[in-house]
Amino acid sequence: MPASSAIPNRQLTLNLFIYPGGHHEAGWRYPGSDPQRLNDAAYYQELAQKAEAAKFDAVFFADGPALPDNIRYASRFRYEPLTLLTAIAAVTTRIGLIGTASTTYYEPYNLARLYASLDHISGGRAGWNIVTTSASNAGANFGLPENPSHADRYARASEFVDVVTKLWDSWEDDALVADPVSGVLADDAKIHAIEHIGRHFRVKGALNAPRTPQGRPVYVQAGSSDDGRSFAARYAEAIFTAHQTLASAQSFYADIKKQTAALGRNPDHVRILPGISPYIGSTEAEAKALFEEFNALIQPAFSLAQLKQMIGLDLTDHDLDGPFPRHLIDTSGPLGVASRFRLVLDIVDREKPTIRQLIERLAGARGHYVVVGTPEKIADEIQTWFETGAADGFNVMPPWLHGGFEVFAAEVVPILRKRGLFREEYSGTTLRDHYGLPRPDSQFATAERATA
């Protein structure tokens, strides 16, 4: 279905996806990057301030509870997102603050407190990117012999989100009275123990903090497997996804909106946001030269390790300039249904690349959509995807920082504004306001009204 048919005067959602050093795997090496500042909180605060000045909806941080194997060649370390986002909240006023946290390696009560604190501190700008953590080496950091299976992680995730939602709803909106005359601080009749007993968790509740400005933080999800899509249709209010073609993005968009509607949810309350990594030049030739500059900085050992993680195939001993050995790919195992595996396989089947061409293709943004061209071309691509049922907006993934974002904000955003696709100013104060999402009622208050 055309996206433009659902909501008149739709506006793009734009997030800045902040990855240390930038999204090209060698972005930290590019002249103008500042890798010495990657451990400096002010580096990230300044980026968020620039995104807020451009009126972006949110900044977003990925995360994982393990050190990647390939730290030797890339900027793969990172701050814990909630701590960093709290520091960013102190120097911004409007931009949304989305951080990743794992349902496999957190406990619901602790996570509910952390995000509730961020939402209160920021005045209602928190978003939770819900992940189950597929990294094979994560379990060993938490006393487990291995990472739980895909199915087990998603089963735990569903119960986890249900518990956290109950905890965020456990205080009704008017439970905090704070009346010095009567001496009543809180109406304890409006604070509810959740009494959850399930397969994975036993949580009494209530949460030890009042309901947050947004009611609860925005639920974000980033999985595109079959389990991931089902999970997103049930819970997500924004979905981060990766697609290489317009047709693939349209198919995903239509499927998610259909599943959401089938569950009785409003499809317009789910923002689908593919990643886009722009390489911008004043001419096509200049943009292509820029992209080639980045690829000249690639460390093949890193690139091949990344490829192995995606498709389970070690090509270290193969000729980089020889054809990709398609016959060696096994689609019968679990990787055959993984979203990033399928994305790489589609590139191989569609483009018939050499190994070097494939790793250069993936180096730009780990399988997200790379666009090389003038500001007008970048804006055209964004508009096409937005208006033809492929996206409600984008996670902007600059190849290097800060410069890659500064060019996008200065040269692409004004074109989008001129075309009436993106805001001139913020119209609200919370992340829910920016995304056009309703503030949910507490399920406990709703239940009481229904029986009153």
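Quick caveat, the model's predicted, so the values are computed rather than measured.

### Here we look at the pattern of salt bridges
Taken as a whole, this structure holds 23 salt bridges when the rule is applied. A salt bridge links Arg-229 to Asp-255; the shortest N-O distance between them is 3.0 Å. Taken together, the positions of Arg-229 in helix α5 (residues 226-235) and Asp-255 in helix α6 (residues 246-262) put the pair 26 residues apart, joining distant regions of the chain. The closest approach of N and O atoms between Glu-284 and Lys-377, which form a salt bridge, is 3.7 Å. Note that Glu-284 is positioned in helix α7 (residues 284-295) and Lys-377 in helix α11 (residues 375-387), a separation of 93 residues in sequence. For Lys-377, a relative accessible area of 32% corresponds to the partly exposed category. One network of salt bridges, in which partners are shared, links Asp-169, Asp-173, Arg-211, Arg-216 and Arg-439.

### Describing the environment of Ile-272
Here Ile-272 shows up in strand β11 (residues 271-280). You can call Ile-272 buried: its relative accessible area is 0%. Sequence spacing of Ile-272 and Pro-375 is 103 residues, and the spatial spacing of their C-alpha atoms is 23 Å. Look past the residues within four positions of Ile-272 in its chain and what remains in contact with it is Ile-239, Thr-241, Phe-252, Tyr-253, Ile-256, Lys-257, Ala-391, Asp-392 and Gly-393.

### What about the packing of aromatic side chains?
Enumeration according to the criterion identifies 25 aromatic pairs in this entry. With centroids separated by 4.4 Å and ring planes inclined at 25 degrees, the aromatic side chains of Tyr-105 and Phe-142 adopt a geometry described as stacked. Of the two residues, Tyr-105 sits in the loop between β3 (96-102) and α3 (108-122) while Phe-142 sits in the loop between β4 (126-131) and α4 (150-169), which places them 37 residues apart along the sequence. Ring centres of Phe-160 and Phe-201 lie 5.6 Å apart, and the angle between their planes is 85 degrees; this geometry places the pair in the edge-to-face category. You can see Phe-160 sitting in helix α4 and its partner Phe-201 sitting in the loop between β7 (196-197) and β8 (202-203), a full 41 residues away along the chain. Comparing Phe-160 with Phe-201 shows no difference in burial state: the two are buried. Three or more aromatic residues joined by ring pairs form one cluster here, namely Tyr-115, Trp-128, Phe-160, Trp-168, Phe-201 and Tyr-219. If you follow Arg-366 out to its NZ or CZ, it ends over the ring of Tyr-19, 4.2 Å from the centre.

### Overview of the layout of surface pockets
Approximately 310 Å³ is the volume found for the second largest pocket. Of the residues assigned to the lining of the second largest pocket, the class counts are four nonpolar, three polar and five charged.

### A few points about α6
For α6, with 17 residues, the first-to-last C-alpha span of 24 Å sits near the 24 Å given by 1.5 Å per residue. Along α6, the residues that are buried comprise Ala-249, Phe-252, Tyr-253, Ile-256, Lys-257 and Thr-260. Buried residues of α6, seen end-on, are gathered within an arc of 125 degrees and therefore sit on one face of the element. Along α6, the residues that are exposed and aim more than 90 degrees away from the buried face are Ala-247, Lys-258 and Ala-262. Buried residues along α6 sit in contact with α5, β10 (238-241), β11 and α11.

### Some words on helix α10 (residues 355-363)
Where α10 is concerned, the buried positions are Ile-355, Leu-358, Ile-359, Leu-362 and Ala-363. Take α10 and look down its axis: the buried residues cluster within an arc of 135 degrees, on one side only.

### Comments concerning the nonpolar core
Phe-56, Val-59, Trp-128, Trp-168, Ile-382, Phe-408 and Leu-416 are the most contacted members of the largest nonpolar core, which has 71 residues in total. The greatest single-element share of this core, amounting to eight residues, is contributed by α4. When residues no more than four places from it in sequence are discounted, the contact partners of Leu-416 are Leu-12, Leu-14, Ala-379, Ile-382, Leu-421 and Phe-422. One finds Tyr-30, Ile-98, Phe-294 and Leu-437 within the second-largest nonpolar core, a separate group that totals 26 residues.

### Things to note about a nonpolar patch on the surface
Residues Leu-67, Ile-71 and Phe-77 make up a contiguous nonpolar surface patch of about 250 Å² in total accessible area. As for its position among the elements, Leu-67 is in the loop between β2 (58-61) and α2 (81-89).

### Some points on the environment of Asn-129
In this structure, Asn-129 sits in strand β4. Between the alpha carbons of Asn-129 and Ile-298 there is a distance of 29 Å; along the sequence they are 169 residues apart.

### Observations concerning the packing of α3 against α4
Following both chains from N to C, one finds α3 and α4 inclined at 50 degrees, their axes separated by 9 Å at the closest point. On the basis of the axis angle, α3 is oblique to α4. Where α3 crosses over α4, the two elements pack in a sense that is right-handed. Along the contact surface, α3 presents Pro-108, Tyr-109, Leu-111, Ala-112, Tyr-115 and Ala-116, while α4 presents Phe-160, Val-163, Val-164, Leu-167 and Trp-168. Its residues placed into classes, the contact of α3 with α4 shows eleven nonpolar, no polar and no charged.

### A look at the confidence of the model for the protein chain
Confidence along the protein chain averages 92 in pLDDT terms, with 95% of residues attaining 70 or more. Segment residues 1-6: pLDDT under 50, and 15 contacts once partners within four positions in sequence are set aside and those in other chains are kept.

### Some words on the side chain of Thr-133
Following the sequence through the fold, Thr-133 ends up in the loop between β4 and α4. Owing to a relative accessible area of 9%, Thr-133 belongs among the buried residues under this scheme. The contact partners of Thr-133, leaving out residues within four places of it in the chain, are Pro-65, Ser-102, Tyr-105, Ala-138, Asn-147 and Arg-153.

### A few points about the pairing of strand β13 (residues 393-396)
Across four bridges, the pairing between strand β1 (residues 13-17) and β13 is parallel. Note on β13: the bridge partner recorded for Asn-15 is Asn-395. Across two bridges, the pairing between β11 and β13 is parallel. Along β13, the bridge assignment pairs Ile-276 with Val-396.

What counts, and at which threshold
Residues numbered from 1 in each chain as written. Predicted model: local features only at pLDDT ≥ 70, side-chain atom pairs only at ≥ 80, totals over all residues. Heavy atoms only, no water. Salt bridge = Lys/Arg side-chain N within 4 Å of Asp/Glu carboxyl O. Helix = DSSP H or I, 4+ residues; strand = E, 2+ residues; numbered from the N terminus. Buried < 20%, exposed > 50% of the residue type's maximum accessible area, 1.4 Å probe, protein only. Contact = heavy atoms within 4.5 Å. Phe/Tyr/Trp six-rings, centres within 6.5 Å; stacked < 30°, edge-to-face > 60°. Lys NZ or Arg CZ within 6 Å of the ring centre and 35° of its normal. 1 Å grid on protein atoms, 1.4 Å probe; cavity = no way out; pocket = protein on both sides within 12 Å on 5 of 7 lines; lining within 4 Å. Points joined across faces, edges and corners; volume = space filled by probe spheres on them. Nonpolar A, V, L, I, M, F, W, Y, C, P; charged D, E, K, R; others polar. Expected span 1.5 Å × (residues − 1). Arc of directions from axis to C-beta. Core = buried A, V, L, I, M, F, W, Y, C linked by side-chain atoms within 4.5 Å. Patch = residues over 30% accessible without salt bridge, like charges linked within 9 Å, V, L, I, M, F, W, Y side chains within 5 Å. Areas by Shrake-Rupley, 256 points an atom, 1.4 Å probe, with all protein chains shown as cover. Axes fitted to C-alpha atoms, helices over the stretch in contact; angles between N-to-C directions. Parallel < 35°, antiparallel > 145°, perpendicular 65-115°, else oblique. Left-handed = near helix turned anticlockwise from the far one by under 90°. pLDDT = per-residue confidence, 0-100. Pairing = 2+ DSSP bridges.

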